[in-house]
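Architecture and fold: a report
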Amino acid sequence: MSFYIAIISFLVSVSIALMLLSAARNVSKKNLTFFGLMHLMILFAFLASLVLSAGGKSPNYFFLTYICSGILLSGLFLRSDFFTPVKVYFGLFALCLPLFIFSPSMLVNFLLTMSYSDSFGPKFPLTGKYYLESQNVIKENDSKPLYKIMLKRGMYKQTIERDIEFAGRLDSVKVLEQNGNYSMRIRGYSSSTTFVTAEVDSADVEVSLRKQKYGDVEYKL
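Residues numbered from 1 in each chain as written. Predicted model: local features only at pLDDT ≥ 70, side-chain atom pairs only at ≥ 80, totals over all residues. Heavy atoms only, no water.

With that settled, the discussion passes to unusual backbone geometry. The residue D163 is not glycine, and still its phi comes out positive at about 55 degrees. Within the fold, D163 resides in strand β4 (residues 156–165). Looking at D163, the relative accessible area reads 53%, which means it is exposed. (Helix = DSSP H or I, 4+ residues; strand = E, 2+ residues; numbered from the N terminus. Buried < 20%, exposed > 50% of the residue type's maximum accessible area, 1.4 Å probe, protein only.)

Encoded structure:
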């Protein structure tokens, strides 16, 4: 859900910013100052959230709001006669657009976690160019997150299988069996530690390594 909130918020902000580019000349400096102060209040709310969150792993929607508001207002400030340093500041938000074109998933990860990487969590190498990663931002209270299998293709990556669930949050994985480029059986290990005991649980999952097309026949022994 967080992924869709971030991507929709970003696209709406970019769309409004492009429309406001034509109206920038008609906005007074008084109104621009008011909009800038509103954006500054969002910045302070984001900084306060960093202090109160104490390093939590949940999505930071204040940061998402801060970036999207900066993108939205960049359309007003870039073509206005406002102070140059302020125009440069809001111009930096416009750089999110080429970042989105380069890798939408990396930008969404940045909007939610403040980390510009291609993964929402730890990666687990499988075999060859296949690897397992978190399907979305893992929350601290999420006992059974979903995972997905990715295939690295040069600078890009392809999602092979989604909505993979193990016994809990993974610590490590092991490939038990691979049937060429058709399927793979994976064992995922997760641990839970209390004041009394430390337990390790595991679950085996078989996943398909290719998209099923209409008319394909699947043979099983």
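The structure having been displayed, the exposition proceeds.
This part covers the packing of helix α2 (residues 29–53) against helix α3 (residues 61–77). For the pair α2 and α3, the least separation of the axes is 9 Å and the interaxial angle reads 160 degrees. In this view, α2 runs roughly antiparallel relative to α3, as classed from their interaxial angle. Crossing handedness for the pair α2 and α3: left-handed. Only F62, F63, T65, Y66, S69, G70, L73, L76 and F77 of α3 make contact with α2, whose side of the interface consists of L32, F35, G36, H39, I42, L43, A45, F46 and S49. Of the residues that constitute the contact of α2 with α3, the class distribution is twelve nonpolar, six polar and no charged. (Axes fitted to C-alpha atoms, helices over the stretch in contact; angles between N-to-C directions. Parallel < 35°, antiparallel > 145°, perpendicular 65-115°, else oblique. Left-handed = near helix turned anticlockwise from the far one by under 90°. Contact = heavy atoms within 4.5 Å. Nonpolar A, V, L, I, M, F, W, Y, C, P; charged D, E, K, R; others polar.)

Another aspect to go through is the nonpolar core. Counting 25 residues, the largest nonpolar core has F10, I67, I71 and F77 as its most contacted members. Looking at this core, the elements with two or more residues in it are α1 (2–20), α2, α3, α4 (84–93), α5 (96–102) and α6 (104–113). Counting residues per element, this core draws most heavily on α3, which supplies nine residues. Counting 17 residues, the second-largest nonpolar core is a separate cluster that includes L132, F166, I186 and L209. (Core = buried A, V, L, I, M, F, W, Y, C linked by side-chain atoms within 4.5 Å.)

Averaged over the protein, the pLDDT score is 80; the fraction of residues at 70 or greater is 82%. This model gives residues 214–221 a pLDDT under 50, and the stretch forms three contacts once residues within four places in sequence are excluded. (pLDDT = per-residue confidence, 0-100.)

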